[in-house]
Amino acid sequence: MGGLPVWLQAGLWGLLAGGALLLGAAVGYRFKVPQRLIAAIMAFGSGVLISALSFELMEHAFHTGGFASTAAGFLGGALVYTVANWALSQRGARHRKRSGRQPSIKDNDGSGTAIAIGALLDGIPESIVIGLSMLGGQGVSIAAVVAIFLSNIPEGLSSAAGMKQAGRSPHYIFGIWGGIALASGIAALVGYAVFRHFSPQVVAATTAVAAGGVLAMLVDTMIPEAFEETHDFAGLITVTGFLAAFALTKLGA
């Protein structure tokens, strides 16, 4: 991607990471994947994301804008995500990442829209992070891209399986995930193109907002799903994912 404008590179990296949702959805729709395997991948992806948050996003935000803007952004991102997620949960999106617990069209026709908005809510902060990681001129954070890609596969896989079981059509399922993958690319592009004009304090706060939203998303949606199926092994699998991303960061991949 070296010859492309940086803003376009950011969009393509975001599209790549978001495309994992579509890949997971295709597998989940076509094949019956054991729920325990999905949950294990989800636990691993959670660990990878937690590591990326700790050693990439929060560290960068702190060194760029200081503690005050980082802390304010981090708490603000978690608060905004939590309120939005709670509102969507009341409309049928509570189990959007689960393959066997989504309401059917017959039970709750409006749940499909809520699930789609919820998936978008989960994905946008992650994608903005990719664009923000390119602001320093050192290229994209590979650890962040890998973390988001790995966490998106089980999300698309589990949700698509649940949508199919709930009676959603393939056009609806792949339309949603294709649209969200595209939105991920746009969000990453915006994350770079818009925020490169702002002060370091604003960039730090925005990075922390995205980090807070992602961490709240993990605890509210991905980790409970992972634990429900893997039980006593969830912690070990999550730690393995964390260590893999930590190694990727420290080895300068």
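Small disclaimer: the values here were computed from a predicted structure and weren't measured.

### Things to note about the overall build of the chain
A tally of regular secondary structure across the chain gives seven helices and zero strands. Secondary structure elements of the chain occur, N-terminal to C-terminal, as α-α-α-α-α-α-α. For the chain, the proportion of its 253 residues judged to be buried stands at 48%. Sequence-distant contacts in the chain: of pairs separated by 6 or more residues, those separated by 24 or more amount to 83%. About 11300 Å² of surface is accessible on the chain, with carbon and sulfur atoms providing 70% of the total.

### A few points about helix 4 (residues 142-165)
Between its first and last C-alpha, helix 4 extends 35 Å over 24 residues, near the 34 Å set by a 1.5 Å rise per residue. Within helix 4, 18 of the 24 residues are buried, which leaves it mostly tucked inside the rest of the structure. Immediately downstream of helix 4, the backbone of Gly 167 shows phi near 95 degrees, a positive value.

### With respect to a nonpolar patch on the surface
A cluster of nonpolar side chains, contributed by Leu 4, Leu 12, Leu 15, Leu 182, Ile 186, Val 190, Val 194, Phe 198 and Val 202, occupies part of the molecular surface with about 690 Å² of accessible area. Where the nonpolar patch is concerned, the elements lending two or more residues are helix 1 (6-30) and helix 5 (170-193). When residues of the nonpolar patch are assigned to their parent elements, the largest contribution, three residues, is made by helix 5. With respect to the secondary-structure elements, Leu 182 resides in helix 5.

### Remarks on helix 1
With 25 residues, helix 1 extends 36 Å between its outermost C-alpha atoms, agreeing within 8% with the 36 Å of an ideal straight helix rising 1.5 Å per residue. Among the residues of helix 1, those classed as buried are Gln 9, Ala 10, Gly 11, Trp 13, Gly 14, Ala 17, Gly 18, Ala 20, Leu 21, Gly 24, Ala 25 and Gly 28.

### Here we look at the packing of aromatic side chains
The final tally for this structure, using the stated rule, is four aromatic pairs. Consider the rings of Phe 195 and Phe 198, whose centres lie 5.6 Å apart with planes at 40 degrees: the pair is tilted. Accessibility expressed as a relative area gives 43% for Phe 198, which makes it partly exposed. An aromatic cluster of at least three residues, connected via ring pairs, comprises Phe 55, Phe 242 and Phe 246. Taking the ring centre of Tyr 29 as reference, the NZ or CZ of Lys 164 above it sits at 4.6 Å. The positively charged end of Arg 168 is found above the aromatic ring belonging to Tyr 172, 5.5 Å away from the centroid.

### Describing the UniProt feature "transmembrane region" (unreviewed entry) in the chain
Here, UniProt's "transmembrane region" (unreviewed entry) annotation points to residues 6-25, 37-55, 67-88, 128-151, 171-195, 202-221 and 233-251. End C-alpha atoms of residues 67-88 are separated by 31 Å, and the span's content is 100% helix alongside 0% strand. Structurally, residues 202-221 comprises 100% helix and 0% strand, and the distance from its first C-alpha atom to its last is 28 Å.

### Quick word on the nonpolar core
Counting 34 residues, the largest nonpolar core has Leu 49, Ile 130, Met 217 and Leu 218 as the members making the most contacts within it. In terms of residue count, helix 2 (residues 35-93) provides more of this core than any other element does, 10 residues in total. If sequence neighbours within four positions are ignored, Leu 218 has contacts with Ser 46, Leu 49, Ile 50, Leu 53, Ile 223 and Pro 224. By size, the runner-up hydrophobic cluster in this structure holds eight residues, among which are Ala 160, Met 163, Ile 173 and Trp 177.

### Regarding the packing of helix 4 against helix 5
Each pair of packed helices can be described by the angle between their axes along with the distance between the axes. Direction vectors running N to C along helix 4 and helix 5 enclose 155 degrees, while the axes themselves pass 10 Å from each other. In this view, helix 4 runs roughly antiparallel relative to helix 5, as classed from their interaxial angle. Taken as a pair, helix 4 and helix 5 cross one another with a handedness that is right-handed. Of the residues in helix 5, those touching helix 4 at Glu 155, Gly 156, Ser 159, Ala 160, Met 163 and Lys 164 are Tyr 172, Ile 173, Ile 176 and Trp 177.

### A word on unusual backbone geometry
Located in the positive-phi region is His 231, a residue other than glycine, with phi close to 50 degrees. Among the structural elements, His 231 can be located in the loop between helix 6 (200-230) and helix 7 (234-250). Overall, the relative accessible area of 40% leaves His 231 in the partly exposed class.

Procedures and definitions
- Residues numbered from 1 in each chain as written.
- Predicted model: local features only at pLDDT ≥ 70, side-chain atom pairs only at ≥ 80, totals over all residues.
- Heavy atoms only, no water.
- Helix = DSSP H or I, 4+ residues; strand = E, 2+ residues; numbered from the N terminus.
- Buried < 20%, exposed > 50% of the residue type's maximum accessible area, 1.4 Å probe, protein only.
- Contact = heavy atoms within 4.5 Å.
- Areas by Shrake-Rupley, 256 points an atom, 1.4 Å probe, with all protein chains shown as cover.
- Expected span 1.5 Å × (residues − 1).
- Patch = residues over 30% accessible without salt bridge, like charges linked within 9 Å, V, L, I, M, F, W, Y side chains within 5 Å.
- Salt bridge = Lys/Arg side-chain N within 4 Å of Asp/Glu carboxyl O.
- Phe/Tyr/Trp six-rings, centres within 6.5 Å; stacked < 30°, edge-to-face > 60°.
- Lys NZ or Arg CZ within 6 Å of the ring centre and 35° of its normal.
- UniProt positions renumbered as here; feature names shortened; annotations may be inferred.
- Core = buried A, V, L, I, M, F, W, Y, C linked by side-chain atoms within 4.5 Å.
- Axes fitted to C-alpha atoms, helices over the stretch in contact; angles between N-to-C directions.
- Parallel < 35°, antiparallel > 145°, perpendicular 65-115°, else oblique.
- Left-handed = near helix turned anticlockwise from the far one by under 90°.

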